[in-house]
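Tertiary structure, described
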Amino acid sequence: MKVCRPMTVKLFVAALLMTESAYGAVRFSLGGNHEKSNAGYQQVESGGGNAGVSLDLGEYFRIGINHREEQGSTTGYHQLEGTANYTYFKTKSNVSSNGVDLTLCLYNGEIVTPYIFGGITNKHYIMSTTEADGSTMLLDKSKPGPQGGVGLGIRLNEKFSLKLSETWSSGDIQIPGNEAQGAVDTYSQVGLSYAL
């Protein structure tokens with residue numbers, strides 16, 4: 001599991017120590033998901049989790065760091081190109097990302113708080129596909145880039161809030177034999193936030 005770079009953590013800790021007039025102090029958030037589905041000749045299983053910590057900078061701004069980990073596997077049979085034959089395969093994937101965001105709260109309501117955010121993230125992809133003959137294709141790469149999104153906080157009580165958000169970040173899509181093309185990755189999250 002990748003962790004945030006030491007410099008990012010140092011900057012965040014410095015902001016925590018220097019911001020004595022923080023309006024709402026520190027917030028911790030957690031979320032997760034798991035899915036298993038069957039689609040024809042293939043079975044897809046995926047799951048992930050995310051964690052973040054943010055600091056209120058006044059009434060409407062927050063700065064935060066976040067980590068997300070996603071794992072998936074697809075097993076089953078796919079058709080060999082140009083034939084009517086099928087072969088067994090297994091694909092495993094792991095995508096981890098570490099980011100820093102600045103959040104703007106559009107409205108600080110007693111119950112509902114809509115917000116937008118933007119920042120930078122570094123994603124690390126590890127993907128491997130193993131065919132029936134034992135051959136394996138491996139992809140191991142990192143991709144830094146911008147990220148941003150929208151969200152909604154729903155206060156459950158004085159300390160806990162339900163957090164709904166949609167995040168967009170840069171990704172790659174590639175056809176074998178061609179150069180990688182830029183794409184947009186999306187991530188929908190439902191989680192809990194705890195305020196100190």
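As a reminder, the structure under discussion sits directly above these lines.
In what follows, the accompanying structure is described.

1. Some details on the overall build of the chain
Looking only at helices and strands, the chain features one helix and eight strands. For the chain, the succession of helices and strands along the chain, N to C, is α-β-β-β-β-β-β-β-β. Buried residues in the chain amount to 32% of all 196 residues. Taking contacts inside the chain between residues at least 6 apart in sequence as the whole, the part at least 24 apart equals 55%. Here the chain has roughly 12200 Å² of accessible surface; of this, 59% comes from carbon and sulfur atoms.

2. A short note on the pairing of strand E2 (residues 42–57)
Pairing between strand E1 (residues 26–39) and E2: 14 bridges, direction antiparallel. The residue bridging Leu30 from the neighbouring strand is Ala51, located in E2. Pairing of E2 with strand E3 (residues 61–79) involves 16 bridges; the strand directions are antiparallel. Residue Asn50 lies in a different strand from E3, and its bridge partner there is Arg68. Connecting the antiparallel pair E2 and E3 is a turn made up of three residues, with Gly58 showing a positive phi of about 80 degrees.

3. Let's talk about the packing of aromatic side chains
One pass over the structure, following the stated rule, counts four aromatic pairs. Note on Tyr77 and Tyr88: the rings are 5.5 Å apart at their centroids and 70 degrees apart in plane angle, and the pair reads as edge-to-face. You can see Tyr77 sitting in strand E3 and its partner Tyr88 sitting in strand E4 (residues 86–105), a full eleven residues away along the chain. Arranged with centres 5.0 Å apart and planes meeting at 55 degrees, the rings of Phe160 and Tyr194 form a pair that is tilted. With a gap of 34 residues between them, Phe160 in strand E7 (residues 160–173) and Tyr194 in strand E8 (residues 181–195) connect regions that are remote in the sequence. Given the relative accessible area of 35%, Phe160 is considered partly exposed.

What counts, and where the lines are drawn
- For every chain, the first residue of its written sequence is number 1, and the numbers climb from 1 along that sequence.
- For this predicted model, a pLDDT threshold of at least 70 governs which residues receive local features, and a threshold of 80 or more governs which side-chain atom pairs are given and counted, while totals over whole chains, interfaces and linings are taken from all residues.
- To get the side-chain values, take all heavy atoms of the structure and skip hydrogens and water.
- Here a helix means four or more residues in a row that DSSP labels H or I, a strand means two or more in a row labelled E, and each is numbered from the N terminus.
- Buried residues are those whose accessible area, probed at 1.4 Å on protein chains only, stays under 20% of the maximum for their type, while exposed residues exceed 50% and partly exposed ones sit between those limits.
- Should any heavy atoms of two residues lie within 4.5 Å, those residues are counted as being in contact.
- Per-residue accessibility takes into account occlusion by the displayed protein chains alone, with areas from the Shrake-Rupley method and a 1.4 Å probe.
- Paired strands are those between which DSSP finds at least two bridges.
- Any pair of Phe, Tyr and Trp rings, taking the six-membered ring for Trp, is counted once the centres come within 6.5 Å. Such a pair is stacked with planes under 30 degrees apart, edge-to-face with planes over 60 apart, and tilted for the rest.

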